[in-house]
Amino acid sequence: MTGRPIPGPRPSTTLGPVLDVRDVTLRFGGLTSLDGVSLRQDRGSVLAVIGPNGAGKTSLFNCLTGAYRPQRGSARFWPADDGVELVGRSPHRVARLGVARTFQNIRLFPEMSAVENVQVGVEVRARPGALRGLLPTRAVRREERETLDRCHELLDFVGLGHRAERPAAALAYGEQRRLEIARALGTSPSLLLLDEPAAGATAAERTDLVTLIHAIAGRGISVLLIEHDIRLVAAVARAIVVLNFGRVIAAGRPDEVRADPAVVEAYLGEPDERRDGP
Amino acid sequence: MKLRRPAPRRSPAVRSHSVRARKAQSRRAQLRELRSRMARPGAARPGGVPWPVVARSPAARRLGACLFLAVIAAVVTGPSGDADRPLAGIEGSFTPARAAGFAAGGLALWALSIGADRLTTRLRSAGHGAALGGGRLAALGGGAWVTPAGAAWASFRRGRWAAFRRGRWSAPAGNLALLAVAVAVPPLLSTAAQQALVSEIGIYALLALGLNVVVGYAGLLDLGYIAFFAIGAYTTAYVTSADAMPWHAPWQVNPFFALPVALVVAAVAGVVLGGPTLRLRGDYLAIVTLGFGEIVQLLANNADGVTGGPRGVFGLPPLSVDLPGVHYSWGLRPLPYYYLLVVLIVLVMVVFGRWERSRTGRAWTAIRQDEVAAEATGVATMRMKLLAFAVGASVSGFAGVVLATKQFFNPQTFGLQSSLLVLTIVIFGGMGSRLGVVLGALVLQGTAFLLRDTVPPADRYIYFGAVVILMMIFRPQGLLPPRGPRAPASPGPAAAPERPAVPTERAGAPGPAGPAASTEAAR
Amino acid sequence: MGSAEQISQLTIDGLMVGALYAVIALGYTLVYGVLQLINFAHSEVFMLGAFGGLFASRALVPAGATPSGLTSAGLVLFGLVAGALAGAAAAYALERCAYRPLRRRGAPRLAYLISAIGASLFAFNLAGKEFGRQSIPVPDLFTNGTVVTVLGAEISTQSLVIACTALAMLLAVDHLVAGTRLGQSVRAVAQDAECAGLMGVDVQKVIVVTFVLGGLLAGAGGFLYAMTFNASYTMGFVPGIKAFTAAVLGGIGNVRGAVLGGLLLGLVESFGGYLFDASYKNVIAFTVLVLVLLVRPSGLLGTRLGRPA
Ligand SMILES: Nc1ncnc2c1ncn2[C@@H]1O[C@H](COP(=O)(O)OP(=O)(O)OP(=O)(O)O)[C@@H](O)[C@H]1O
Ligand SMILES: [Mg+2]
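Residues numbered from 1 in each chain as written. Chains lettered and ligands numbered in written order. Predicted model: local features only at pLDDT ≥ 70, side-chain atom pairs only at ≥ 80, totals over all residues. Heavy atoms only, no water.

## Re the domain arrangement of chain B
Next, step 1: Domain annotation for chain B reports domain 1 (56–69 + 100–121) and domain 2 (193–474).
Next, step 2: Each of domain 1 of chain B and domain 2 of chain B has a C-alpha centre, and these two points are 39 Å apart. (Domains from an automatic or database assignment.)

Shown next as structure tokens:
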């Protein structure tokens with residue numbers, strides 16, 4: 001499942017940031033779920049975002065991918081040497097720019113087969129023109145074959161090669177998570193956002209996941225990862241950002257973050273200072 | 001206190017991974033357990049007598065349902081009442097003879113359904129998994145079929161028949177056979193039947209194929225679909241005749257050229273309607289499109305100066321070919337129109353079949369199954385939905401051209417009921433299945449035609465309404481469902497993900513604005 | 001714009017019709033609150049309620065006679081109750097036949113809508129078959145005349161009856177939802193059905209109660225409507241759409257919003273009909289619907305159930 005190259009074009013590997021989030025603030029009525037969040041990710045790196053439940057991690061992903069529009073702040077993204085702004089773009093534009101994501105509670109196309117799920121992602125990069133598919137010309141046929149090949153390679157890459165024809169809904173939980181990753185990789189991203197990919201995974205699956213993330217990062221794709229398991233995080237990420245109540249309360253190397261008193265407090269809490277939910 | 005509130009913060013103590021992951025599942029199981037405990041016969045119900053065990057048993061409930069169906073059927077098929085004696089119709093439905101007949105029918109239905117269940121269970125336990133169809137069929141065969149026969153049928157279905165169905169040549173062969181029947185049989189029919197084949201079956205099959213793109217592929221409920229049919233028909237009137245309408249285009253063209261014109265006009269109308277409204281979530285879209293349909297009909301009715309008003313449109317030139325050396329007019333007889341419709345239908349089916357399996361079709365399916373995920377995967381959902389709308393509309397416009405050149409029409413032709421009829425056909429035939437919806441038109445409208453002397457046309461819609469409800473309950477995939485991904489060893493709905501008992505879009509919890517699809521939270 | 005008298009007359013008329021819309025709109029809002037789906041067949045519940053009240057009062061009032069005094073009051077009440085019961089029965093049957101089987105199966109959202117459309121098609125055509133296809137007037141239950149004149153606007157007995165009953169029903173529902181145990185469980189299910197179920201709320205029962213409650217209101221509203229506009233098998237469609245508009249305008253799922261939306265829509269329609277032409281009333285209402293959906297889909301008061309905004 002590892003070692004193989006990720007099929008498809010390889011993102012730029014020049015050094016520098018891939019993502020620069022500045023002062024992103026998101027409110028829902030009276031509830032502030034992101035409060036001036038800033039972070040920076042180097043190209044090709046794995047950055048982890050951790051934080052207690054409701055800290056705003058998923059909200060941050062939603063702001064980056066265009067699902068939510070933050071009230072303030074910017075998020076610059078460098079697919080190549082020129083940076084673009086992510087805030088204010090619709091989700092499909094963001095995806096086409098090269099930011100792919102998975103969802104915390106899996107969102108596949110349940111009645112499509114595994115390979116078709118990936119195909120949807122891969123075909124986003126296909127030549128435009130809705131009418132093109134109508135005539136089975138040689139070029140179209142070749143394109144279709146190439147797409148399929150790539151889909152199967154991606155499925156192999158995440159270890160689902162033998163499940164290609166199954167409907168997504170019939171896959172096991174862990175398989176569905178990996179299929180989501182394959183679908184996201186299908187869009188040839190330069191930045192991959194993973195929202196709790198290890199949730200509900202067994203110990204063996206976790207180990208596999210670590211290898212998979214390494215393999216993805218090894219091909220130059222930057223990974224922004226939400227994860228609760230600090231050991232898994234330490235195994236894949238060089239840097240960690242800790243969110244709590246929508247604020248960045250710590251950032252740095254895993255060992256630094258683990259020792260940070262603010263982090264300890266956020267996770268364990270001081271009984272009299274604990275705030276209630278919204 | 002909001003309706004749908006963000007999930008409360010959980011304390012870090014419960015943040016164990018396995019717990020988080022399986023939470024939803026275990027919660028559901030708990031709920032089921034709780035429910036079953038509450039529904040257990042004889043369980044103490046606060047402030048009430050315990051229900052007799054018998055009345056709660058599945059067999060008794062099913063008996064109740066069957067008898068209820070029989071009563072409804074008796075009323076529906078019974079005589080009509082009127083304003084002065086509103087209950088006369090219902091009383092007349094239950095003359096002793098009718099009452100006995102329908103009671104017997106209800107009982108028979110009950111016996112059949114129980115018998116079918118028993119058989120199915122037995123077949124299942126005998127190791128013949130997917131024998132449902134066989135079991136049902138065996139039961140229908142009068143109970144004389146014993147288990148081995150049913151099992152044989154089941155294994156046939158699973159084995160050779162299934163292999164044949166999936167085989168490379170079966171589909172083309174079957175389709176060609178159907179086409180041959182469609183070409184060869186109509187000349188043998190009466191003129192009335194040929195007429196019905198054109199204006200009730202053929203045109204509606206074409207309409208259903210178009211709506212199938214919108215509802216079946218993209219999952220958008222369009223209740224104003226018939227408006228595009230009207231637009232096609234009126235466009236034809238404008239461009240082909242100088243005197244049928246109070247107003248007409250500066251030049252008149254051969255009706256064949258009306259086809260592309262109507263296609264374009266209807267597609268543009270589809271985009272114009274869809275542009276602002278496709279952002280809305282499904283049920284709101286349905287209501288807005290319904291209103292659009294109403295408005296178009298109102299306009300057709302009231303704008304006398306432009307549309308001719310309620311009087312309608314007649315006297316349009318029939319279709320004709322005037323090439324050097326070839327002169328042919330479709331004239332007034334139905335059969336030539338029928339063959340034209342067959343050509344159009346086959347053409348549309350072939351094109352859509354190709355489309356369905358192309359990247360466009362996959363994008364539609366993705367949108368239908370999870371719009372948020374599709375958008376996040378880079379599918380331009382808005383554009384694809386607009387495309388579906390425009391494609392559906394243009395097929396509808398096509399049908400409008402055929403209608404206009406064939407026969408008289410007036411605003412009544414384009415009422416809400418017609419929209420709902422097309423929807424009924426699509427539901428009945430199978431959403432997303434081209435052959436299904438064409439057969440749906442044939443079966444539904446054909447039956448209505450055959451029963452035209454027994455059932456007054458106005459009463460047809462009672463049956464159509466009933467068909468829709470029954471299909472949604474018993475066979476939501478329709479008569480001939482589209483072929484999905486093959487699911488080895490997971491027959492039927494077992495493969496479907498378990499959903500909560502109440503249709504709350506749980507995954508996309510609190511969107512700031514209710515009906516807008518795009519604001520559904522992505523988690 | 002006309003004189004002060006005209007303005008107050010238009011206001012009164014608008015509020016009167018608006019009150020009716022509000023009563024029907026509650027049915028949409030309650031069901032939406034609990035199931036998050038639009039009960040497309042609610043307009044047929046309304047229509048059947050109107051027929052229930054109509055037949056009941058026809059059975060009691062001899063042809064040509066116009067009762068007065070207490071008899072009138074009793075007859076109106078009787079018609080209302082009959083209409084409400086018919087509406088409730090229809091709503092229950094609807095829930096039982098068109099929705100519950102789908103809920104058991106965990107059907108997708110589209111399925112409910114389609115099933116409701118089928119039910120609507122079935123119900124109003126069946127009504128057409130059984131009750132005839134022309135419109136039928138409700139017999140006179142009282143002598144209709146001008147009761148009072150407010151700022152030059154005449155308020156008829158009929159309007160007064162409609163206003164009073166509508167107000168009483170609205171208050172009752174508001175109290176029921178906001179201030180009783182039953183209302184509490186309705187709100188609980190509205191917020192999180194699964195969780196409410198775990199907490200011991202009988203979700204199934206709450207759903208039935210919601211439908212029946214909506215049916216009672218729509219049925220009584222149907223009878224009131226038929227007193228003014230007669231009853232016919234297609235009578236449900238237009239008021240149904242308008243009540244839905246009212247519900248969306250106020251914020252669907254929000255009980256007080258539905259009332260506000262209904263009254264507001266009545267006013268807009270009344271004044272708009274005067275400014276343009278009475279025949280454009282439907283178009284105006286519909287335009288309001290589209291605009292609200294496109295501009296502020298959460299409505300004026302937002303989507304809540306039962307609590308003041
Ligand atoms: N659409 C929304 N409307 C209102 N509030 C929201 C919405 N989305 C998120 N929130 C709120 O924002 C806060 C942050 O939520 P978010 O989902 O980002 O947390 P999280 O860090 O991903 O938590 P978890 O670990 O549970 O996934 C929460 O209080 C949540 O209730
Ligand atoms: Mg999250």
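Text resumes after the structure shown.
## A short note on the interface of chain C and chain B
Next, step 1: The interface is formed by 70 residues belonging to chain C together with 76 residues belonging to chain B.
Next, step 2: Around 6,400 Å² of area is buried between chain C and chain B when both sides are counted, 69% of it from carbon and sulfur atoms.
Next, step 3: Here chain C is connected to chain B by 1 salt bridge.
Next, step 4: For the salt bridge of Asp459 of chain B with Arg133 of chain C, the shortest nitrogen-to-oxygen distance reads 2.9 Å.
Next, step 5: Summed over the shared surface of chain C and chain B, the number is 8 residue pairs in polar contact (both at pLDDT 80 or more).
Next, step 6: The dominant element in the side of chain C that touches chain B, judged by the number of residues it contributes, is helix 4 (residues 109–131) of chain C, at 18 residues.
Next, step 7: Here the residues of the side of chain C that touches chain B sort into 42 nonpolar, 14 polar and 14 charged. (Contact = heavy atoms within 4.5 Å. Buried area = accessible area lost by both parts, 1.4 Å probe. Salt bridge = Lys/Arg side-chain N within 4 Å of Asp/Glu carboxyl O. Polar contact = N/O pair within 3.5 Å; in protein donor to acceptor, adjacent residues only side chain to side chain. Helix = DSSP H or I, 4+ residues; strand = E, 2+ residues; numbered from the N terminus. Nonpolar A, V, L, I, M, F, W, Y, C, P; charged D, E, K, R; others polar.)

## Considering the environment of Arg368 of chain B
All names here are of chain B.
Next, step 1: Structurally, Arg368 is set in helix 15 (residues 359–369).
Next, step 2: Along the chain, Arg368 and Thr381 lie 13 residues apart, while their C-alpha atoms are 10.0 Å from each other.
Next, step 3: Excluding anything up to four places from it in sequence, Arg368 contacts Val215, Gly216, Tyr217, Ala218 and Gly219.
Next, step 4: For Arg368, the side chain forms a polar contact with the main-chain oxygen of Gly216, separated by 2.6 Å.
Next, step 5: At a separation of 3.0 Å, a polar atom in the side chain of Arg368 contacts the main-chain carbonyl oxygen of Tyr217.

## Re helix 1 (residues 57–64) of chain A
Next, step 1: Among the 8 residues of helix 1 of chain A, 8 are classified as buried, and the element is accordingly described as predominantly covered.
Next, step 2: Just downstream of helix 1 of chain A, Gly66 of chain A is the residue with a positive phi angle, here 85 degrees. (Buried < 20%, exposed > 50% of the residue type's maximum accessible area, 1.4 Å probe, protein only.)

## A few points about the coordination of the magnesium ion (ligand 2)
Next, step 1: Protein-derived coordination of the magnesium ion (ligand 2) comes from Thr58 of chain A (OG1) and Gln104 of chain A (OE1), at a distance range of 1.9 to 2.0 Å. Of the two residues, Thr58 of chain A is situated in helix 1 and Gln104 of chain A in the loop between strand 6 (99–101) and helix 3 (114–123); the sequence distance between them amounts to 46 residues. (Donors = N, O, S within 2.8 Å, 3.2 Å for Na, K, Ca; no water.)

## Examining a nonpolar patch on the surface
Residue and element names in this part refer to chain B.
Next, step 1: A surface patch of nonpolar side chains, amounting to about 390 Å² of accessible area, comprises Leu176, Leu179, Val183, Val346 and Val350.
Next, step 2: Contributions of two or more residues to the nonpolar patch are made by helix 8 (170–184) and helix 14 (334–356).
Next, step 3: Of the residues forming the nonpolar patch, the biggest block, 3 residues, is contributed by helix 8.
Next, step 4: As for its position among the elements, Val183 is in helix 8.
Next, step 5: Judged by relative accessible area, which is 38%, Val183 ranks as partly exposed. (Patch = residues over 30% accessible without salt bridge, like charges linked within 9 Å, V, L, I, M, F, W, Y side chains within 5 Å. Areas by Shrake-Rupley, 256 points an atom, 1.4 Å probe, with all protein chains shown as cover.)

## Describing the state of the cysteines
Next, step 1: A full pass over the atoms with the stated rule returns 0 disulfides over all chains.
Next, step 2: Looking at the unpaired Cys97 of chain C, the closest cysteine sulfur is the one in Cys66 of chain B, lying at 13 Å. (Disulfide = S-S within 2.5 Å.)

## Quick look at helix 3 (residues 69–105) of chain C
Next, step 1: For helix 3 of chain C, built from 37 residues, the straight-helix expectation of 54 Å at 1.5 Å per residue is met to within 8% by its first-to-last C-alpha distance of 53 Å.
Next, step 2: Directly beyond the C-terminal end of helix 3 of chain C, a positive phi value near 70 degrees is found at Gly106 of chain C. (Expected span 1.5 Å × (residues − 1).)

## Overview of the pairing of strand 2 (residues 153–156) of chain C
All names here are of chain C.
Next, step 1: Taking every second residue as pointing to the same face, the buried face of strand 2 carries Ala153 and Ile155, while none of Glu154 and Ser156 on the other face is buried.
Next, step 2: Of the pairings in the sheet, the one linking strand 1 (residues 146–150) to strand 2 comprises 4 bridges and is antiparallel in character. In the strand pairing of strand 2, Thr149 is matched with Glu154.
Next, step 3: Connecting the antiparallel pair strand 1 and strand 2 is a turn made up of 2 residues, with Leu151 showing a positive phi of about 50 degrees. (Pairing = 2+ DSSP bridges.)

## Side note on the packing of aromatic side chains
Next, step 1: For the structure on display, the rule yields 22 aromatic pairs over all chains.
Next, step 2: An angle of 50 degrees between the planes, with centres 6.1 Å apart, marks the rings of Tyr284 of chain B and Phe244 of chain C as tilted. Of this pair, Tyr284 of chain B sits in helix 12 (residues 282–302) while Phe244 of chain C is found in helix 9 (residues 237–250), placing the two residues in two different chains. By the burial criterion, Tyr284 of chain B is buried, and Phe244 of chain C matches it.
Next, step 3: Where Phe409 of chain B meets Phe414 of chain B, the ring centres are 5.9 Å apart and the plane angle is 65 degrees; that geometry is what we call edge-to-face.
Next, step 4: Taken together, the ring pairs connect Tyr217, Phe352, Trp355 and Trp364 of chain B into an aromatic cluster.
Next, step 5: For Arg107 of chain A, the ring lying beneath its charged end belongs to Phe103 of chain A, and the centroid distance is 5.7 Å.
Next, step 6: One cation-aromatic arrangement involves Lys406 of chain B over Tyr337 of chain B; the distance from NZ or CZ to the ring centre is 5.6 Å. (Phe/Tyr/Trp six-rings, centres within 6.5 Å; stacked < 30°, edge-to-face > 60°. Lys NZ or Arg CZ within 6 Å of the ring centre and 35° of its normal.)

## Topic: the UniProt feature "transmembrane region" (unreviewed entry) in chain C
Next, step 1: Within the UniProt annotation, "transmembrane region" (unreviewed entry) is assigned to residues 15–38, 45–61, 73–94, 106–127, 206–227 and 282–303 of chain C.
Next, step 2: Within residues 106–127 of chain C, the helical portion is 86% and the strand portion 0%, while the C-alpha atoms at the span's ends are 30 Å from each other. (UniProt positions renumbered as here; feature names shortened; annotations may be inferred.)

## A closer look at the sheet that holds strand 10 (residues 247–252) of chain A
All names here are of chain A.
Next, step 1: Overall, mixed pairing links the 6 strands, which are arranged 6-7-8-3-9-10 in an open sheet. Unpaired on one side and paired on the other, strand 6 and strand 10 mark the two borders of the sheet. Pairs of neighbouring strands in the sheet enclose a mean axial angle of 20 degrees, with direction left out of account.
Next, step 2: Relative to strand 7 (residues 191–195), strand 6 is paired through 3 bridges, and the arrangement is parallel. When the sheet's bridge partners are listed, Val99 is paired in strand 7 with Leu191.
Next, step 3: Relative to strand 7, helix 5 (residues 173–186) is tilted by about 160 degrees, and along the sheet it contacts strand 6 and strand 7.
Next, step 4: Sheet strands touched by helix 6 (residues 203–218): strand 3 (46–50), strand 7 and strand 8 (222–226). Its angle to strand 8, the strand with the most contacts, is close to 150 degrees. (Axes fitted to C-alpha atoms, helices over the stretch in contact; angles between N-to-C directions.)

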